[in-house]
Structure formats: structure tokens, C-alpha cells
Amino acid sequence: NQVSSSCLVTSNCSLAVDSFEIAEISLFPNPIDDIINIKTNSNIKKVEVFEISGRMLKTYINIENYINVKDLQSGNYVLKIYTEYGVINKKIIKK
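Residues numbered from 1 in each chain as written. Predicted model: local features only at pLDDT ≥ 70, side-chain atom pairs only at ≥ 80, totals over all residues. Heavy atoms only, no water.

Undergrad: Please set out the pattern of salt bridges residue by residue, giving values where relevant.
TA: Within the structure shown, the criterion is met by four salt bridges. Between E48 and K46 there is a salt bridge, with its nearest N and O atoms 3.3 Å apart. With its nearest N and O atoms 2.9 Å apart, the salt bridge here joins D71 to K58. Here the residue D71 occupies a position in the loop between β5 (66–68) and β6 (75–83), and K58 occupies one in strand β4 (residues 56–61), the gap between them amounting to 13 residues. You can call K58 partly exposed: its relative accessible area is 24%. (Salt bridge = Lys/Arg side-chain N within 4 Å of Asp/Glu carboxyl O. Helix = DSSP H or I, 4+ residues; strand = E, 2+ residues; numbered from the N terminus. Buried < 20%, exposed > 50% of the residue type's maximum accessible area, 1.4 Å probe, protein only.)

This is how it looks when you write it as C-alpha cells:
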């Protein structure tokens, strides 16, 4: 008894992409008092504010070019900014 098999696999795959966009985001001033100004080349879908420990404090949606963080205590925070091109984390300092 003899078993034989042959297999030919061909593939024409490309891992290239036509274009790749990255969101450019600037936050100012930093350290901040009450208002964070956001300068970006993309549409912001939402912003989440986290303590350094990782606990989420706030979510902002329908953002123009700033958010009000007057109610945050002084300290260090991370903003998770969702854009049309992906998610970017930025550190801020609240005075």
C-alpha cells in the first residue's frame, strides 16, 4: 500500500497599503488650568480622561477644539483621543 499526495499552493498576496494616515495632535497649554486646546489634522470622535492609575474619569464626545477640565484635581492624567485615524494617548498635567 502506497499513499501519495501532492499539493501546490500559490498565492498572489500583497501586504502593501495605498495610503497610511496618522493623526497629528497637539494639546496646549500643558500644564493646564481649566481648558485644554486641541489642535489636530483629523476629526475627534471622543476623548477619555484617565488617572495615571488607569481609572477612567470622564468621556467627552462632540468635541470642537477644546475640552473643559475645570473639575479635575491637580495632578497627572492621560487623555485617550479617538480620531478617524486611530487612538492616541497624551499625558497632561493639571495645575
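The discussion continues.
Undergrad: Any details on the sheet that holds β5? Residues and values, ideally.
TA: One open sheet accounts for three strands, arranged β1-β2-β5; its pairing is antiparallel. Pairing within the sheet leaves two strands with one partner each, and these edge strands are β1 (25–28) and β5. The average undirected angle you get between the axes of adjacent strands in this sheet is 20 degrees. Two strands pair when backbone bridges link them, and strand β2 (residues 35–40) and β5 are joined in this way by three bridges, in the antiparallel orientation. Bridge pairing in β5 links N37 to Y66. (Pairing = 2+ DSSP bridges. Axes fitted to C-alpha atoms, helices over the stretch in contact; angles between N-to-C directions.)

Undergrad: Any details on unusual backbone geometry? Residues and values, ideally.
TA: In this model, F28 is joined to P29 through a cis peptide bond whose omega is -10 degrees. Tracing the backbone shows P29 in the loop between β1 and β2. With omega at 15 degrees, the peptide bond leading from N30 into P31 counts as cis. By the secondary structure assignment, P31 is in the loop between β1 and β2. Phi angles above zero are rare outside glycine, and N62 is one such case at about 55 degrees. Inspection of the secondary structure puts N62 in the loop between β4 and β5.

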